[in-house]
Amino acid sequence: MGGGDKQFSRRAAIGLVAGAAAVVADAGPVSALPAKLTDVAREAKSLTIARIETFDVLIPQPANILAKPQPHRGGTRGRINVVRVVTNAGTMGYSFLVSSPGDVAAANAALAGQSLFAIDAHLKNGLAGWPAIEEAIWDAIGKTVGQPVSRLLGGMGLTRLPVYLTYVWPGPADALDPQLQIRHAAVVRDAGFKAMKVQMFRTDVQRDADTCEAMLANAGPGFRVMVDRTAVARGLWSYETGLTAAKALQKAGVHWLEEPFARDDYDSPARLREEVDILITGGEAWAGTEPFKRALIRGTFDILQPELRTAAGISMMRRVGQLAQAWGTPVAPHAAVGLAVAGRVQCSAAMGAVYQEVGPFTPSYTPDDVCAPFPPILHGVQPFRYEDGDMIVPQSPGLGLHVDDRALERYRVNGYERVGPGTGPPPSLP
């Protein structure tokens, strides 16, 4: 296999990240369960989904944020979609993943009056196609029993989750000034983060590798750079080009190369893994468990990167994590920005993820910049806290967001502006 004094061996690299992530939840302060579990069981039998709602809110933007360009692509600045599940006991569960009025109408027809806790039955009755609604149901369940979703999902229950930021620069890749990327690596480091990911779209792969090497040098020791080819986004590489790129990135000290080939090509990444030490990753476009099974059997990737919406929601993500754990393969789930990170973080904490992607961002935004407008709908608090390159996993009940119901009504606006991805058809369930 390939080498290089700037690159750990694959096994050592994975082990290092996994070791940093393995901070298991302790019995810290969370809302206590009722004294008698029989009371919980009795109440659970009668607890149902009363209704499901979706609406948009328009949140005022702080002046310093208005002075910056849009933090990410699409939509009216400050306008976000809210999905709300209300139980017959009045408990409200929320998601900010985006769901259409049509999806919510279908979900009401299928789920209203049904048990809040019957997740598996609901998945087979359409919920697998409505990931935002499933997330809101999990939030309501967590609030009902007084526990964060990460604990309800079982598994490792990390209280700290290593994260990396993804930056996407506008304009043609070949026109992008490498010095800008080099400076922004220091911006990410100065914001307290230890890793970032960039796209690899230049015609000359060596120029991308040289830029990454300079980014690492500017950010300093302990900082990581990952690279994403994004499969077909700018034309497929031949195997030979992928091998050349992987070797150049390995020499530069890059931590991983993501999606170097077509997303339905399970064998070329596996072959590449045999020839280089740099980690080869992917899986964000796969729905359900079947593609992940194929990848694990064929040894396609060193790290799997499921995307919560595409995979079909929290429950399906958890199943992917269990499959990966059975094979001894780490997971580093795909990205989100703003409040859409909440469910991903809870699920990643349960899965023991080695990384959670946060982004993509327009440089030089940080997660705190993107979340700066949200305290007015969260009882004045920031939704997430970062420390030493990790996100502190929220331990409040449900998704851990302190949503202010009255504030949502105050900022509610008419109409619906879809800026998130479509839910698509539900995958087949095992």
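Residues numbered from 1 in each chain as written. Predicted model: local features only at pLDDT ≥ 70, side-chain atom pairs only at ≥ 80, totals over all residues. Heavy atoms only, no water.

Looking now at the overall build of the chain. Looking only at helices and strands, the chain has 17 helices and 13 strands in total. In the chain, 76% of the contacts between residues at least 6 apart in sequence involve partners at least 24 apart. In the form shown here, the chain has an accessible surface area of approximately 17100 Å², with 54% of it arising from carbon and sulfur atoms. (Helix = DSSP H or I, 4+ residues; strand = E, 2+ residues; numbered from the N terminus. Contact = heavy atoms within 4.5 Å. Areas by Shrake-Rupley, 256 points an atom, 1.4 Å probe, with all protein chains shown as cover.)

Under the definition given, this model contains 23 salt bridges. The closest approach of N and O atoms between Glu258 and Lys197, which form a salt bridge, is 2.8 Å. Taken together, the positions of Glu258 in strand β7 (residues 256-258) and Lys197 in strand β5 (residues 195-199) put the pair 61 residues apart, joining distant regions of the chain. Assigned by exposure class, Glu258 and Lys197 land together as buried. For Glu409, the salt bridge goes to Arg412, with nearest N and O atoms at 3.5 Å. Residue Arg412 is classed as partly exposed on the basis of its relative accessible area, which comes to 39%. Ionic contacts of the salt-bridge type, sharing partners, join the residues Arg51, Glu53, Arg84, Glu409 and Arg412 into one network. (Salt bridge = Lys/Arg side-chain N within 4 Å of Asp/Glu carboxyl O. Buried < 20%, exposed > 50% of the residue type's maximum accessible area, 1.4 Å probe, protein only.)

The subject of this paragraph is the confidence of the model for the chain. Detailed reading of the predicted model is not advised wherever pLDDT is low. In this model, the chain carries an average pLDDT of 88, and 86% of its residues clear a pLDDT of 70 or more. Confidence drops under a pLDDT of 50 for residues 420-430, and excluding neighbours within four residues, the segment shows 24 contacts in the predicted structure. (pLDDT = per-residue confidence, 0-100.)

Attention now goes to the sheet that holds strand β1 (residues 49-58). In spatial order, the strands read β3-β2-β1-β13; together these 4 strands make up an open sheet with antiparallel pairing. Two strands lie at the open edges of the sheet, namely β3 (92-95) and β13 (412-413), each paired on one side alone. By the bridge criterion, 4 bridges tie strand β2 (residues 79-87) to β3 in an arrangement that is antiparallel. Residue pairing for β3: Arg84 is matched across the bridge by Tyr94. In this fold helix α6 (residues 131-145) packs onto β1, β2 and β3, with an angle of close to 140° to the strand it touches most, β3. (Pairing = 2+ DSSP bridges. Axes fitted to C-alpha atoms, helices over the stretch in contact; angles between N-to-C directions.)

So, on to the pairing of strand β4 (residues 160-167). Both faces of the sheet carry side chains from a regular strand, because those side chains alternate between them. For β4, a buried count of 8 out of 8 residues is recorded, marking the element as mostly surrounded by other parts of the structure. Judged by which residues are buried, β4 turns out to be covered on both faces: Arg160, Pro162, Tyr164 and Thr166 on one side and Leu161, Val163, Leu165 and Tyr167 on the other are all buried. As paired elements, β4 and strand β12 (residues 390-392) share 3 bridges and run antiparallel to each other. Considered in β12, the bridge of Arg160 is made with Ile392. As defined by bridge partners, β4 adjoins β5 across 2 bridges and the pair is classed as parallel. Across the sheet, Thr166 pairs through a bridge with Lys197, a residue of β5. Taken together, β4, helix α8 (residues 178-190) and β5 form a β-α-β motif whose crossover is right-handed. (Right-handed = clockwise from strand over helix to strand, strands pointing away.)

On to the packing of aromatic side chains, then. Under the definition given, this model contains 9 aromatic pairs. Ring plane angle 85° and centroid distance 5.6 Å describe the contact between Tyr164 and Tyr355, whose orientation is recorded as edge-to-face. Of this pair, Tyr164 sits in strand β4 while Tyr355 sits in the loop between α15 (341-351) and β10 (356-361), placing them 191 residues apart in sequence. By the burial criterion, Tyr164 is buried, and Tyr355 matches it. Measuring from centroid to centroid gives 5.8 Å for Trp286 and Phe301, while their planes differ by 35°, and the two rings are tilted. (Phe/Tyr/Trp six-rings, centres within 6.5 Å; stacked < 30°, edge-to-face > 60°.)

Ile133, Ile137 and Met196 are the most contacted members of the largest nonpolar core, which totals 118 residues. With sequence-adjacent residues up to four places away left out, Ile137 is seen in contact with Ile49, Val85, Leu111, Leu116, Ile119 and Leu127. Judged by nonpolar contacts, the second largest core, of 9 residues, contains Tyr164, Ala195, Ile303 and Val354. (Core = buried A, V, L, I, M, F, W, Y, C linked by side-chain atoms within 4.5 Å.)

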